[in-house]
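Take a look at the letters that make up each chain.
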Amino acid sequence: MARNIYREFLELCAFEGQELEEMVPVWEKYSALLGLSEEDVRFALDEWIPKYWDIQYLGVRKMIGAYIREAIEIAKTPEYKEQGVKIVYGILPAILTNYQAMKIAGGDDIFVSFPDMQLVTILNSFFHKVDDYLESAEETGMTYGCRHCALNKTRIGAFQNKVIAAPDVIWSWGFNCDEGPKTDEYINCLLDEDWKYVISRIPHDTHFGTIDDEDEDRVVYMAEQMRDGQREIEEMTGIKVTKENMLQAVKEQGRYAFKFSTLTQLVSNGNPQPLSGSALTNFGQGMTCPFNSGLQYIEEALDIMIRECRQAKKAGTGILPKDAPKVASYFVPFCVPWVDGIFKENGVGTTFSLTFTVTKKQLEPTKYEDPYMQAAEQWLKMAFGQNIGYESKNMIEKVEANKPVDGLLMGFFDFDRWLGAHQKMCSKIIQDATGVPTFYMESDFWEDRDYSPEALRTRIESVCQVVKMRKEMEM
Amino acid sequence: MDKKIQSLAEAYKKRPVELKQAKKDGKKVIEYIGHFVPEEMIRAAGAEPYFMCRGGEPEPPDAVLEYMLRFMNPLARSMMGYHLMGLDPVTPMADLIVAQQADCHIGRITELMEFNELPVYKVGVPPDWKKEFAGEYYYKALMKLKAKLEEVTGNEITEEGLKEQVEYSNAINESLRKISDLRKKDNPPIGGYEFIRLNHYSFYTDPKETAGKLEEIYEGLKDAPGKFKEGSPRILLAGHAVAIGDYVVPRMIEENGAMIVSDMLDEGLRWYNWDIPTEGDMMRNIWKTKYLDKVPVNIFQPAWRERFAYIKQLIDENKIDGVVWYQLSFDEIYDMECTCLAKWMKEINMPFLKLESSYEYSREAMGPLATRVESFIEAVKGGM
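Since the structure is predicted, the reported quantities are computational estimates derived from the model, not experimental observations.

Draft legend 1. Examining the packing of aromatic side chains more closely. One pass over the structure, following the stated rule, counts 52 aromatic pairs over all chains. Residues A:Tyr89 and A:Phe111 carry aromatic rings whose centres are separated by 6.4 Å and whose planes lie at 85° to one another, so their mutual orientation is edge-to-face. One end of the pair, A:Tyr89, is in strand β1 (residues 86–90); the other, A:Phe111, is in strand β2 (residues 110–113), and 22 residues separate them in sequence. Summarising the burial analysis for this pair, A:Tyr89 and A:Phe111 share the class buried. Centroid distance A:Tyr99 to A:Trp171: 5.5 Å. Interplanar angle 40°. Geometry classified as tilted. A residue pair is termed long-range when its members are at least 10 positions apart, and A:Tyr99 in helix α6 (residues 97–106) and A:Trp171 in strand β3 (residues 169–174) qualify at 72 residues. For the pair formed by A:Tyr99 and A:Trp171, the shared burial category is buried. One residue, B:Arg108, lies across the ring of A:Trp418, its end atom 3.4 Å from the ring centre. The ring of B:Phe228 has B:Lys227 sitting right over it, with the charged end atom 6.0 Å from the ring centre.

Draft legend 2. Geometry of the interface of chain A and chain B. Opposite the 58 residues of chain A that make contact, chain B presents 51 residues. Around 4600 Å² of area is buried between chain A and chain B when both sides are counted, 60% of it from carbon and sulfur atoms. Among the residues chain A hides against chain B, the three largest losses belong to A:Lys182, A:Arg417 and A:Met425. Together they make up 16% of the total. Inspection of the region where chain A meets chain B yields 5 salt bridges. We note a salt bridge from B:Glu332 to A:Arg417, for which the minimum N-O separation is 3.7 Å. Applying the counting criterion to the chain A and chain B interface returns 30 residue pairs in polar contact (both at pLDDT 80 or more). Listing elements by their share of the side of chain A that touches chain B, those giving two or more residues are α10 (179–190), β4 (197–201), α11 (216–237), α18 (388–401) and α19 (423–434) of chain A. At 9 residues, the largest contribution of residues to the side of chain A that touches chain B is made by α10(A).

Draft legend 3. Representation of the confidence of the model for chain B within the structure. The share of residues in chain B with pLDDT of 70 or more is 100%, and the mean pLDDT across the chain is 97. Among the scores for the predicted complex, ipTM is 0.97 and pTM is 0.97.

The rules behind these values
Residues numbered from 1 in each chain as written. Chains lettered and ligands numbered in written order. Predicted model: local features only at pLDDT ≥ 70, side-chain atom pairs only at ≥ 80, totals over all residues. Heavy atoms only, no water. Phe/Tyr/Trp six-rings, centres within 6.5 Å; stacked < 30°, edge-to-face > 60°. Helix = DSSP H or I, 4+ residues; strand = E, 2+ residues; numbered from the N terminus. Buried < 20%, exposed > 50% of the residue type's maximum accessible area, 1.4 Å probe, protein only. Lys NZ or Arg CZ within 6 Å of the ring centre and 35° of its normal. Contact = heavy atoms within 4.5 Å. Buried area = accessible area lost by both parts, 1.4 Å probe. Salt bridge = Lys/Arg side-chain N within 4 Å of Asp/Glu carboxyl O. Polar contact = N/O pair within 3.5 Å; in protein donor to acceptor, adjacent residues only side chain to side chain. pLDDT = per-residue confidence, 0-100.

Given below as structure tokens:
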């Protein structure tokens with residue numbers, strides 16, 4: 001009997017019962033619109049996902065399922081647009097509060113997503129298949145040699161290939177890189193004048209070591225940017241976000257962040273380590289990327305994953321033997337999960353991402369009542385929002401708080417003139433302060449066309465050797 | 001004429017020695033990065049400014065790689081690279097390095113300066129320039145800079161002092177405009193290569209004397225015969241920056257039979273087409289001219305359609321035959337603008353050449369560069 005690849009794939013993602021029956025034809029249709037052939041789905045089902053993802057856990061399979069739901073949502077945007085649903089996009093990195101508040105306010109009348117982020121995550125993490133989008137963008141003129149960001153290329157490629165509809169508005173946060181918001185001007189100038197955007201930006205002008213979130217002027221300005229952006233979006237969509245919507249979004253985000261922090265602790269402190277860094281980091285996306293299908297699916301997966309990690313701890317089981325060394329990362333490159341795989345092959349686990357780990361200060365209650373001031377303060381407490389001196393100080397705190405850390409992997413952001421540019425300096429600062437050996441690896445977080453497993457294997461193996469040797473000497 | 005230009009070049013070379021003496025005499029030396037940092041404010045505070053925009057050599061960009069991602073543009077990397085190599089005579093004695101913060105390249109390079117404990121001061125320039133409150137952010141940044149300069153120098157920046165310095169700058173601009181306008185002639189007596197150098201040297205000479213020296217040059221040029229072959233293609237040079245010392249490309253364009261008769265560069269050259277008004281509140285005047293009146297820089301958003309409109313105006317005013325877009329390697333936002341410009345240039349049938357430099361001008365790199373420039377110029381000639 002011939003296999004039904006689509007059904008098997010959804011079963012892998014923990015769909016079941018009536019919903020499974022309903023979803024099979026839906027997935028078949030929309031996976032094709034995303035550019036996935038039946039063979040691509042089979043490859044993911046039989047080879048890629050079993051090899052690189054910890055699918056022995058229901059939590060991981062449900063997490064993949066949550067992403068698949070979102071992939072289908074994104075592929076439906078042309079239909080949504082025809083139906084009159086307001087489409088709002090955003091880009092990474094951003095605080096989700098505003099976007100989630102819009103979804104809470106608008107319900108089914110609004111579609112909210114960071115389509116490039118979701119598409120890269122879904123297509124490369126689980127199918128190894130985002131290259132078509134990237135090449136499409138390069139054909140428009142995003143030159144290959146200039147090291148443009150794969151996220152931005154995916155946005156261009158997805159629109160160019162009609163996978164996603166033009167939004168009613170994209171709210172581009174330009175609080176980090178220049179290329180993200182400028183990509184929308186690029187699309188507007190080159191591909192479609194109806195690609196409407198709102199940008200929110202702030203100069204990187206705090207001095208080394210300044211505590212960004214305590215700079216009152218900065219908090220006020222950033223809040224003003226957010227408020228102004230929200231106002232423009234509301235004018236363009238006709239959907240009004242109330243203070244209650246914002247507060248509910250803040251509450252939901254806080255709840256998810258707390259749960260994710262719990263999972264991070266379980267993974268970082270677990271011995272043996274219960275879950276890979278890639279999977280852990282992918283759970284973190286619930287804090288950085290809105291899900292139009294709602295947080296409930298990924299949050300359900302997260303709840304299950306926390307339970308399963310606790311069970312693994314009790315049972316003394318994990319993804320690596322007891323006492324295996326652990327390497328933290330600036331950001332575990334979950335879109336190229338073979339990096340994690342090579343570490344594991346060499347007996348080393350990747351654990352938490354500095355960017356997704358919270359400081360004590362981030363968990364403290366805000367001093368502001370205004371939701372925009374709260375969101376601004378929240379952003380400036382995050383690593384993304386800080387000057388290198390303050391960010392490094394916080395990285396040191398995170399490394400110390402999540403020890404044992406046998407090594408720290410930096411890099412994988414060679415396409416980003418902000419988040420990637422300073423990492424060599426951070427490495428030096430952190431290593432000097434914590435004694436944890438840091439390793440800088442020039443590579444790409446989102447895609448692997450330039451950095452193949454063959455190219456990075458030797459480097460990763462040598463990192464593993466150093467880490468293991470140090471660990472053995474300490475024991 | 002060459003002697004007069006040469007005398008300015010000598011003044012440029014002697015500037016570090018002058019600064020050393022000025023330090024001994026108790027003056028403060030303040031380096032600055034980017035045109036959103038008004039040199040007039042530094043002068044009005046009684047300090048000696050030094051424009052940091054040196055480039056065109058391959059080693060300094062590589063010198064920062066121990067600390068910095070390699071995919072940063074070579075001009076930004078050079079700003080710290082010369083210092084790390086011990087080839088920057090001014091930075092070690094600078095009392096302050098004032099850097100505009102408008103883009104990530106300069107942003108992270110100034111953090112590298114801070115990492116190396118250099119005395120950096122940042123001036124934030126929001127790129128979303130159409131928003132009133134973003135403009136106010138830059139204005140406040142200028143006011144904070146004013147306070148900082150007063151603190152460092154111990155001198156008050158007065159309205160009169162600012163006005164005086166702005167008048168010097170405006171006089172320099174006017175002289176440069178007059179010289180540049182000579183390039184509108186069918187066969188101009190000066191090309192882009194010389195004009196760019198003149199423009200560069202004007203940053204390093206005493207502003208009280210610079211306009212006068214430029215006027216002398218203008219007087220010598222205005223009735224001089226053309227220096228190009230009849231029928232040479234007229235080129236507009238556009239892009240990010242021609243750094244001080246990075247003259248290979250403009251020279252190559254002109255050595256291969258074309259003449260650069262107009263320019264639109266965001267950095268390196270004075271914004272000589274935009275004078276700062278001298279009536280009213282000087283800080284507001286400086287702010288408005290730089291932020292709102294000047295054609296937007298590439299990083300501003302939105303900017304590219306307005307920049308294209310300005311380029312079209314330059315094309316018409318200067319009877320341009322072809323546009324050369326000069327881009328620095330890994331300058332991602334200029335790379336994106338270039339794609340849009342290429343499309344729009346095609347729509348108006350304007351020949352367009354994109355050149356990119358990593359400041360690697362080895363024999364191996366020069367060959368293909370020269371071939372592209374030659375082919376472009378031949379193609380433009382063929383279409384004239």
